Amino acid sequence: MEIIEINGNRWQKYVGDEGQDVYIAEFVIPQEELLGKYVDDSYYDILIDGDADLYLPPVCDMVDQATCDHECLSCMGEDRVAFKFRKNVFTEDEQRGAMEGLWEAAVESNNRGMAAGPRAEQNNKRDWVTPYQLDILEYFEAGQPQDITGGDQLESIKKKHETAKYETRGEVWLRSKIEDEFGYYTNFMPAAIEKMLGMPVHEAQDYAKMIRTKFISGTSYASPLWSGIAGFYGRYPRIPYGRATSYVDHNREKFEKSYPFARKLEKEFARLLPQRHGFQQQFADRLDNKFLIGEDTTFTTITVNTTTKDRNARMACHRDAGSLNAGFSNLTVVTRDGMDWKGGYLVAPEVRVAVNVRPGDLLLIDNMRVIHGNTPILPPDSGEDKMLRMSLVYYFREDMDGLGSWDYEMTRRQFVDDRRLNKEHPLWKEYWNGVSPGMWSEQEWYDYLTSKMGEDTLRQYHPEALEVKSTLEGFFS
């Protein structure tokens, strides 16, 4: 065993049974404040660039501590694995299939929440409301209070934001409404400040409130990433049936090119983490295999992120949501035609470790527990035109446990569509999506399901329907 100590933080280091480096962190630094923020090289002390395992600190009770020899590897199980990293797992052909089958699944997205990170001042003609502007509005809404030193509060706000890192809450200005008020949009805020300074305090308060309520959109946005989902989804309140993602629905033949890649990943997952794979297999066995990638893996879903000179897929610090707690997530990156990138290390700041994942490598990571984000993804030395990176995260969506058969879920889908398109339906109205509260326990659905799939299917998924029928028949007999 070797002890590594950097800046007061300690890791135990061993040689594993495959010759890999095995690290056990003796600490976890709480880093909740990093969620939604980017990390750089200052957030790690160890960079992993070869086969390696990283374990979180052991959980020891008082008896364990009394007899501890301080060699923690003997206490480590798969429940303490933060990640396992292996180099050169995938062949060129497997990577090519993944690239051809999944690249187009990534689209420009504003729906990645914390992972999207801080926002630039303007993006896609959308002008973010800056922290400086919000502080100015709050100052006038509060009645223009004096600085605690008696100085100019407006000047203090300006100085505060000269050095502050730029982040917003995702609010955007309504350009057309501002132009109606001021006759122009660019640099309207200085004019608004001058106008409010010339008003009585109470009028300036009302005017600042008006700016906030009238000129700021009620919709919150995230920074755009080139990201998408391939595979399958569970039910959702507005879409109450299991289904293929839109990309798979429209590109099934292309999607199937990625199956050899998924099967290799499945094999390595089972080999490296047999217990966690076993848990995930139990869930997969309960699911109709038409909802599984390749129909023979334990993965239901893939997050696809792409980066080129014109696309961004750098992730801010986040924990992933939605994947199976008992299972594990599987991260890989691929490229093509000799294209490349620099940086993009995956950083786990709580244990001060980063991983340099390169094309063909595999990173099995507990991404629901471990906060993680990327360092900047930069062009290679050959130039930005040669920059290309696709990252893939394979997982089992927890909300898919409990779905019915593929045919049953498709019948639910057809039922929703038939209701939506039926203008004679008593609930129909323009733009109705076909969904209503309690619809899955109503006679309309029971009759529809019986007509499409028979009474045996009704009995399998809705035995309560037949119990109600039997009770009513007894009552009226």
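Residues numbered from 1 in each chain as written. Predicted model: local features only at pLDDT ≥ 70, side-chain atom pairs only at ≥ 80, totals over all residues. Heavy atoms only, no water.

Caption draft 1: Region of interest: the sheet that holds strand E18 (residues 373-374). Spatially, E4-E16-E15-E18 is the arrangement adopted by the four strands of the open sheet, whose pairing is mixed. Looking at strand neighbours, the two that pair on one side only are strand E4 (46-48) and E18, the edges of this open sheet. Pairing analysis gives three bridges linking E4 to strand E16 (residues 353-355), with the strands arranged parallel. The residue bridging Ile48 from the neighbouring strand is Val355, located in E16. (Pairing = 2+ DSSP bridges. Helix = DSSP H or I, 4+ residues; strand = E, 2+ residues; numbered from the N terminus.)

Caption draft 2: Looking closely at the pattern of salt bridges. This structure, assessed with the given rule, holds 29 salt bridges. Across the pair Glu104 and Lys254 runs a salt bridge whose closest N-O atoms are separated by 2.9 Å. Of this pair, Glu104 sits in the loop between helix H2 (92-102) and strand E7 (107-109) while Lys254 sits in helix H9 (residues 252-255), and the two are 150 residues apart along the sequence. Judged by its relative accessible area of 47%, Glu104 falls in the partly exposed class. For Asp296, the salt bridge identified is with Arg263, shortest N-O distance 2.9 Å. Of this pair, Asp296 sits in the loop between helix H11 (274-285) and strand E12 (301-307) while Arg263 sits in helix H10 (residues 259-272); the two residues are 33 residues apart in sequence, bridging distant segments of the chain. Residue class for Asp296 comes out partly exposed when judged on its relative accessible area of 43%. (Salt bridge = Lys/Arg side-chain N within 4 Å of Asp/Glu carboxyl O. Buried < 20%, exposed > 50% of the residue type's maximum accessible area, 1.4 Å probe, protein only.)

Caption draft 3: Main features of the packing of H10 against H11. Running from N to C, H10 and H11 cross one another at 120 degrees; their axes reach a closest spacing of 5 Å. What the angle tells us is that H10 and H11 run oblique. For the pair H10 and H11, the contacting residues are Glu266, Phe269, Ala270, Arg271 and Leu272 in the first and Pro274, Arg276, His277, Gln280 and Gln281 in the second. Taken together, the residues of the contact of H10 with H11 break down into four nonpolar, three polar and three charged. (Axes fitted to C-alpha atoms, helices over the stretch in contact; angles between N-to-C directions. Parallel < 35°, antiparallel > 145°, perpendicular 65-115°, else oblique. Contact = heavy atoms within 4.5 Å. Nonpolar A, V, L, I, M, F, W, Y, C, P; charged D, E, K, R; others polar.)

Caption draft 4: Quick look at the nonpolar core. With 50 residues, the main nonpolar core has Leu102, Ala230, Phe255, Ile302, Val304, Leu392 and Tyr394 as its most contacted residues. Counting residues per element, this core draws most heavily on H10, at six residues. Look past the residues within four positions of Ile302 in its chain and what remains in contact with it is Leu102, Gly228, Ile229, Ala230, Phe255, Ile293, Leu392, Val393 and Tyr394. Judged by nonpolar contacts, the second largest core, of 29 residues, contains Val333, Ala348, Val351 and Leu363. (Core = buried A, V, L, I, M, F, W, Y, C linked by side-chain atoms within 4.5 Å.)

Caption draft 5: Representation of helix H13 (residues 443-453). Of all the residues in H13, the buried ones are Trp445, Tyr446, Tyr448 and Leu449. Along the axis of H13, the buried positions cluster into a sector of 165 degrees, meaning they face one direction only. One or two residues past the end of H13 sits Gly454, with phi positive at roughly 95 degrees. (Arc of directions from axis to C-beta.)

Caption draft 6: Representation of the packing of helix H5 (residues 175-182) against helix H7 (residues 201-215). Across the interface, H5 lies against H7 with an axial gap of 9 Å and an inter-helix angle of 140 degrees. Classed by the angle they form, the pair H5 and H7 counts as oblique. Side by side, H5 and H7 meet where Lys177, Ile178, Glu181 and Phe182 of the first sit next to Tyr207, Met210, Lys214 and Phe215 of the second. Considering only residue class, the contact of H5 with H7 consists of five nonpolar, no polar and three charged.

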